[in-house]
Amino acid sequence: MHSNKKVKEAIQSAVLMILGIFSAGMGLKGFLLSSKFIDGGVTGISMLIAETTGAPLSVLIFLINLPFLFLGYKRLGTSFAIKSALAIGGLSLCLALVHFPDVTHDKLLTAVFGGFFIGVGIGLAIRAGAVLDGTEIAALLVSKKAQILKVNDVILLLNVVIFSTAMFFLGVESALYSILTYLAASQMIDFMLNGIERYTGLTVVSAKGEAIRKRITDMGRGVTVYQVKSGYGKDGQINDPRDVIFTVATRLEIPSIKKAILTIDPSAFIVQQSIDDTTGGLVKRKRHH
């Protein structure tokens, strides 16, 4: 049974990776290359070098990603490094061997849809447990060492350098369209990883925890209850036990849940935070018949 599950997961990862490779290949060869637009990250560096030197992009993408793959192997494990090497190698072969139609010469459509297909490809590869661009590996490692910078900050700084260089070599217009490509790709990666329903976590501290818990569960949401002692707050020095309620809901549901909580306890302390991902638990709304 366990081996069947592993085989199923391996097949699923392989399918996602292949789809990701072809999607990214379509974005690059079907849209960006003919218009001399670039993407961000290692792919963008490779495209910029290919454009200025005439070296084959398929070879450059693999070679420039090699150091990042080595870093990934050292820090993130063998499985991740092998999957990523296969994904990046697959993208290189796809660019070298597969013919994609040159879809449009409209610059705006090229930038937006080039970014769209690249973003979908990278998102699918990440879902398969790999990367098509080594930038994420480097950013993750840099952010761990430099506590001030987050992963997104490192990627942003790298891309500022790439697009500033592109302005010099490709011209201002191409660089600006390339930034649009990068933004479209980023949005698609975010969509592929987080989906349409963005989740928000609500932490509620209240002396009327049981009533709030019941109201939230009646609305079809799951809750987790912690019992704590309050410190010094707007109620003064109170050490009596009170409940902390934690629930996760979609952004559209948050206003109605907060309104219900404040109706029960107008002095409830509510902390709201964005949730990147959820696994298990009662995240989807229950259907009441």
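Every chain is numbered independently, its residues counted from 1 as its sequence is written. In view of the model being predicted, local features appear only for residues whose pLDDT reaches at least 70, and side-chain atom pairs are presented and counted only at 80 or more, with totals across whole chains, interfaces and linings using the full set of residues. To obtain the side-chain values, all non-hydrogen atoms of the structure were included, while hydrogens and water were left out.

Further remarks concern helix α4 (residues 78-97). Note: α-helices contain 3.6 residues per turn, so residues at a spacing of three or four share the same orientation. Strands are runs of DSSP state E lasting at least two residues, helices are runs of H or I lasting at least four, and both sets are numbered from the N terminus onward. By this rule, a helix spans an expected 1.5 Å times one less than how many residues it contains. If you check α4, its first and last C-alpha atoms are 28 Å apart, about what 20 residues at 1.5 Å a residue would give, namely 28 Å. Each residue is assigned to one of three classes by its accessible area relative to the maximum for its type, calculated with a 1.4 Å probe on protein chains only: buried under 20%, partly exposed between the two thresholds, exposed over 50%. Among the residues of α4, those classed as buried are Phe80, Ala81, Ser84, Ala87, Ile88, Gly89, Gly90, Leu91, Ser92, Cys94 and Leu95.

The topology assignment puts Ile245 in strand β5 (residues 241-250). Every residue pair with non-hydrogen atoms within 4.5 Å of one another is taken to be in contact. Contacts of Ile245, omitting those with residues within four sequence positions, involve Leu202, Thr203, Val204, Gly209, Ile212, Arg213, Ile216, Val223, Thr224 and Val225.

Of all 8 residues that make up strand β1 (residues 199-206), 6 are buried, and the element is covered over most of its length. Where β1 and strand β6 (residues 269-275) come together, 7 bridges link them in antiparallel fashion. Bridge assignment links Gly201 to a residue of β6, and that residue is Gln273. For two strands to pair, DSSP has to find at least two bridges joining them.

Before going further, it helps to spend a moment on the confidence of the model for the chain. Per-residue confidence for the chain averages 83 on the pLDDT scale, and 84% of its residues sit at or above 70. As a per-residue measure, pLDDT reflects the predictor's confidence and takes values from 0 up to 100. When mean pLDDT is taken per element in the chain, helix α5 (residues 107-127) scores highest with 93 and strand β4 (residues 236-237) scores lowest with 53. Note on residues 285-289: pLDDT is under 50 here. Beyond four places in sequence and across chains, it has 8 contacts.

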